Amino acid sequence: MSVISKLLERLVSKQLLKYLKDNDLLPDLQSAYRGHHSTETAVLKVLSDILSALDTGNIAMLTLLSLSAAFDSVDHNTLLQRLRKSYGLGGKVIDWFTSYLGNRKQQVCTTTSSLVPSAVLFGVPRGSVLGPILFLLYTADLLQLVKRHHLTPHAYADDTQIYGHCQPSDAGSLIQQVSVCIDEVLAWMKQTGCS
């Protein structure tokens, strides 16, 4: 991407993150693409929660999910809808994001031929400043889905940890709880195009 484009994205990114922080709209259990939320904070949070559960005599179960080609699977229409409904963006802001995501083309070229350019309907621009933040907002509902199962999620980029704990005698119930949650996560991924 051009230097001018990256500078513009940095300005938009700063404004967007400030708006999200000021309105407490950033997912609290997502450790990526913002200050003081690194891989270290993600690992420390998950490890601390699990060790605390073990210290009380409970057992813990941890499931690790990684989305394949995650940044390429973002559906532009779904993302724009979420930016409107979940984050309250509208007017010229949505118009700008629509323009930013739309009208992109891709083309396969070889030394002897090239295919006709085709529209890019999915994914965030590679190497962009905004792409990772938009992906974070796109997948924020996943964290709420996990919480509804009384489990704890923690996300970092396109990886999500789902964990819970219980007394050893309730291990079967915890396994069932996690299994049902994973089934719903899979259905959510299919619905949003993340699978």
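As the structure is a prediction and not an experimental result, all values here were calculated from the model. (Residues numbered from 1 in each chain as written. Predicted model: local features only at pLDDT ≥ 70, side-chain atom pairs only at ≥ 80, totals over all residues. Heavy atoms only, no water.)

Trainee: Now, about the pattern of salt bridges: what can you tell me, with residues and values included?
Mentor: For the structure shown, the criterion picks out three salt bridges. Put simply, D22 and K18 hold a salt bridge, and the shortest N to O gap is 2.6 Å. Placement of the pair is D22 and K18 together in helix α1 (residues 3–22), with a separation of four residues, close to one helical turn. (Salt bridge = Lys/Arg side-chain N within 4 Å of Asp/Glu carboxyl O. Helix = DSSP H or I, 4+ residues; strand = E, 2+ residues; numbered from the N terminus.)

Trainee: Just give me the short version of helix α6 (residues 171–192), but keep the residues and values in it.
Mentor: With 22 residues, α6 ought to run about 32 Å at 1.5 Å a step, and its terminal C-alpha atoms sit 31 Å apart, in line with that. Residues of α6 that are buried: L174, V178, C181, V185, W188, M189 and T192. Take α6 and look down its axis: the buried residues cluster within an arc of 95°, on one side only. Opposite its buried face, α6 presents the exposed residues G172, K190 and Q191, each directed more than 90 degrees away. Where α6 is buried, its residues contact β1 (59–66), α3 (76–85), α5 (130–148) and β5 (159–166). (Expected span 1.5 Å × (residues − 1). Buried < 20%, exposed > 50% of the residue type's maximum accessible area, 1.4 Å probe, protein only. Arc of directions from axis to C-beta. Contact = heavy atoms within 4.5 Å.)

Trainee: Give a description of the nonpolar core that names residues and reports values.
Mentor: Counting residues in each nonpolar core, the largest one holds 39 residues, and the members touching the most others are L16, L83, F97, L134, L137 and V185. Where this core is concerned, the elements lending two or more residues are α1, α3, α4 (91–101), α5, β5 and α6. Per-element accounting of this core gives the leading share, 11 residues, to α5. For L83, the residues in contact, after removing those within four places along its chain, are G88, L89, I94, F97, L134 and L137. (Core = buried A, V, L, I, M, F, W, Y, C linked by side-chain atoms within 4.5 Å.)

Trainee: Describe in detail a nonpolar patch on the surface, supporting the description with residues and values.
Mentor: Nonpolar side chains collect at one region of the surface, where V43, L47, L51 and L54 lie side by side and expose about 350 Å² of accessible area between them. With respect to the secondary-structure elements, V43 resides in helix α2 (residues 39–55). For V43, a relative accessible area of 52% puts it in the exposed group. (Patch = residues over 30% accessible without salt bridge, like charges linked within 9 Å, V, L, I, M, F, W, Y side chains within 5 Å. Areas by Shrake-Rupley, 256 points an atom, 1.4 Å probe, with all protein chains shown as cover.)

Trainee: Quick rundown of the sheet that holds β1? Include the residues and the values.
Mentor: Read from one edge to the other, the open sheet built from three strands follows the order β1-β5-β4, with strand pairing classed as antiparallel. Because the sheet does not close on itself, it has two edges, and the strands there are β1 and β4 (152–156). Each neighbouring strand pair of the sheet contributes to a mean axis angle of 20°, computed without reference to strand direction. Summarising the sheet, β4 and β5 pair through five bridges and their orientation is antiparallel. (Pairing = 2+ DSSP bridges. Axes fitted to C-alpha atoms, helices over the stretch in contact; angles between N-to-C directions.)

Trainee: I'd like a description of unusual backbone geometry, backed by residues and values.
Mentor: Keep in mind that most residues, glycine aside, have a negative phi and that most peptide bonds are trans. Not every positive phi belongs to a glycine, and D24 is a case in point at roughly 50°. By the secondary structure assignment, D24 is in the loop between α1 and α2. Among the residues examined, D24 registers a relative accessible area of 69% and is labelled exposed. The phi angle at H150 is positive, at roughly 60°, despite the residue not being glycine.

So, to be careful, I would describe these as geometric facts and stop short of saying anything about function.
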